[in-house]
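# Residue-level structural notes
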Amino acid sequence: MADNIQFVSMDNVRALLEKSFSQPVLFYFFSERSPACLNFGPVLQRIAQRYPNELTLAVVDCDQEQQLAAHFGVRSVPTTLVIQQGQPVDGFAGEEPEDAILSRLQAFLPKPEQQLLQQAQALLAEQNFAEAYPLLKQAAELAPQDVQIRLHLALVQVELGQLAAAEQALATVLMADQDALYHNVKARLELAQQASESPEVKALEQALAADPANNDLKQQLAVQYHQVQRSGEALELLYQILKQDLNFGEAKKLCLDMLATLPKGDPLASSFRRKLYSLLY
């Protein structure tokens, strides 16, 4: 039996009711003497198995736990109750199709974008920005108006050097939504922008401006850009070199290495991979 499917008794019912404050608990009242219950029980088990971390199925044998059934006002089996915050919030007597039950539960289960945000937050706690990025990007596509998702994505973009994208995201946050996370991301962005203008970068930029055809300078500047997380500019310089000479210096290797460091789902990586492959093949 799955971990989120439990038989209920007077000994553990309080713990299950307390659990309903953090996730919905589906109380299923049945009797082995009921043919309907024999058919319906597996339906609820399949649903519980689809949501191992978001839903608990609490199974009450009414023949053994008559006091519990009476406490919840159960008059027939099967009866199913959705418990949230310790109280019944929905329910039905008899059988229902699986699709109908899933539709009922959507009001109480976390939305897909919130599940993605929770997964990303766990990765962010471990400073794993690269793996958090595609989760937050997907969540933002599902819920583009969710400010918390956009702010978490902006945070990751700062850490991955996508400073222009992060700045654009912050510019869309209204004054009323500028909470502690917003100010944290904004401060990180400003520090990253200052760091991206290092003396080494400025010196190479000036040298290249004076000698724009110098591929050695372009390659050196690309390395410096990458070190200060200006990956787009670094890749563009390397692409300019490779368009002229596929075998120049370490340009090809540097380009491939930089692409490998970009997170999964990064549009910059997809764009430059296509450009590079068009030159190679």
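A brief structural summary.

Cut-offs and rules
Residues numbered from 1 in each chain as written. Predicted model: local features only at pLDDT ≥ 70, side-chain atom pairs only at ≥ 80, totals over all residues. Heavy atoms only, no water. Axes fitted to C-alpha atoms, helices over the stretch in contact; angles between N-to-C directions. Helix = DSSP H or I, 4+ residues; strand = E, 2+ residues; numbered from the N terminus. Left-handed = near helix turned anticlockwise from the far one by under 90°. Contact = heavy atoms within 4.5 Å. Nonpolar A, V, L, I, M, F, W, Y, C, P; charged D, E, K, R; others polar. Core = buried A, V, L, I, M, F, W, Y, C linked by side-chain atoms within 4.5 Å. Buried < 20%, exposed > 50% of the residue type's maximum accessible area, 1.4 Å probe, protein only. Pairing = 2+ DSSP bridges.

Interhelical geometry of helix α8 (residues 163-171) versus helix α9 (residues 180-195) gives an angle of 145° and a closest axis separation of 11 Å. Our pair here, α8 against α9, has a crossing hand that is left-handed. Taken together, the residues of α9 that come into contact with α8 (itself represented by L163, A166, E167 and L170) are Y182, V185, K186, L189, A192 and Q193. For the contact of α8 with α9, the per-class residue count stands at seven nonpolar, one polar and two charged.

Below, the discussion takes up the environment of A93. Tracing the sequence through the fold places A93 in strand β5 (residues 87-93). In the structure, A93 is positioned 15 residues away from P78 in sequence and 6.1 Å away in space, judged by C-alpha atoms.

Ranked by internal contacts, the top residues of the largest apolar core, which has 32 residues, are A132, L136, L151, V156, V158, L170 and V185. Only α5 (112-125), α6 (129-142), α7 (147-159), α8 and α9 provide two or more residues apiece to this core. In terms of residue count, the dominant contributor to this core is α7 (eight residues). What V156 contacts, discounting residues up to four positions off in sequence, is L124, F129, A132, Y133 and L136. Judged by nonpolar contacts, the second largest core, of 25 residues, contains V201, I241, M258 and L276.

It is worth spelling out the pairing of strand β3 (residues 56-61) at this point. Burial analysis of β3 places six of its six residues in the buried class, the great majority of the element. Of the two faces of β3, the one lined by T56, A58 and V60 and the one lined by L57, V59 and D61 are each fully buried. Inspection of the sheet shows strand β1 (residues 5-7) paired to β3 by three bridges, in the parallel sense. When the bridges of β3 are listed, I5 appears paired with L57. Where strand β2 (residues 25-30) lies against β3, six bridges are found, and the strand directions are parallel. Opposite F30, over in β3, you have D61 as the bridge partner.

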